[in-house]
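Understanding the architecture of this molecule
Residues per chain, in single letters:
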Amino acid sequence: MKVLFVCLGNICRSPLAEAIFNQKVLDTGHSQDISADSCGTANYHIGQVPDHRTIEVAHRNNVQIDHLGRQLSGDNFRNYDYIIVMDKSNLYDTLALKPENSKAEVRLMRDFDPEPGDGEVPDPYYGGEDGFQQVFNILDRSIDAFLKRNMTSPA
Ligand code: 4NP
């Protein structure tokens, strides 16, 4: 199973989602069958490392993070099983690129959150450090629920 996480800039929410997801998959011994990547709908941060606050919150929570920014393309819909977006604006922009022969199922991250709030992962870019830990907690919970639904057997 291949999963692509999508946000706007690909330096805050989606690279953090990718890192949390891949850490959980590694820790549970599923990395042969399940993997994640991330990208942004915008081209602002192509080739850039994640925001320093994203790296800090990942490390504080014992998650390895290693990603360079890239932009969503039409090809991605043929190469991934799930494309999971952070907010409704990402959903709109992502669906606008979806080709006829898409394999990927496009979903909002908080569709999987047991405490879905307003249904969106808030953009922490213009806020403080607290916002990054809140985003971490939302992603951690939602990814646990996603993996529980989609991992049929233990390694
Ligand atoms: P992200 O956050 O979509 O979670 O990566 C943002 C990062 C950068 C910008 C906006 C949101 N920006 O406007 O540069």
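Structure shown above.
Read on for a plain summary of the structure. Small disclaimer: the values here were computed from a predicted structure and weren't measured. (Residues numbered from 1 in each chain as written. Predicted model: local features only at pLDDT ≥ 70, side-chain atom pairs only at ≥ 80, totals over all residues. Heavy atoms only, no water.)

Around the ligand, the neighbouring residues are Cys7, Leu8, Gly9, Asn10, Ile11, Cys12, Arg13, Tyr44, His45, Asp123, Tyr125 and Tyr126. Asp123 places a side-chain nitrogen or oxygen 3.3 Å from an oxygen atom of the ligand. The fraction of the free accessible surface of the ligand (350 Å²) that becomes covered by protein chains is 92%. Of the residues in the shell around the ligand, the class split is seven nonpolar, three polar and two charged. (Near = heavy atom within 4 Å. Polar contact = N/O pair within 3.5 Å; in protein donor to acceptor, adjacent residues only side chain to side chain. Areas by Shrake-Rupley, 256 points an atom, 1.4 Å probe, with all protein chains shown as cover. Nonpolar A, V, L, I, M, F, W, Y, C, P; charged D, E, K, R; others polar.)

Further remarks concern the nonpolar core. Of all hydrophobic cores here, the largest spans 31 residues; its most connected members are Phe5, Phe21, Met109, Leu139 and Ile143. Broken down by element, this core gets its largest block of residues, eight residues, from helix H5 (residues 129–150). What Leu139 contacts, discounting residues up to four positions off in sequence, is Arg13, Leu16, Ala17, Ile20, Met86, Met109 and Val121. Of all hydrophobic cores here, the second largest spans 11 residues; its members include Cys39, Leu72, Ala104 and Val106. (Core = buried A, V, L, I, M, F, W, Y, C linked by side-chain atoms within 4.5 Å. Buried < 20%, exposed > 50% of the residue type's maximum accessible area, 1.4 Å probe, protein only. Helix = DSSP H or I, 4+ residues; strand = E, 2+ residues; numbered from the N terminus. Contact = heavy atoms within 4.5 Å.)

What follows covers the pairing of strand E1 (residues 2–7). Strand residues, when the strand is regular, have side chains that alternate between the two faces of the sheet. E1 sits mainly inside the fold: five of its six residues count as buried. Alignment of E1 against strand E2 (residues 35–40), held across six bridges, turns out to be parallel. The partner of Leu4 across the bridge, within E2, is Asp37. In this fold, E1 hands off to helix H1 (residues 13–27), which returns the chain to E2; that crossover is right-handed. Two strands pair when backbone bridges link them, and E1 and strand E3 (residues 82–85) are joined in this way by four bridges, in the parallel orientation. Across the sheet, the residue bridging to Val3 is Tyr82, located in E3. (Pairing = 2+ DSSP bridges. Right-handed = clockwise from strand over helix to strand, strands pointing away.)

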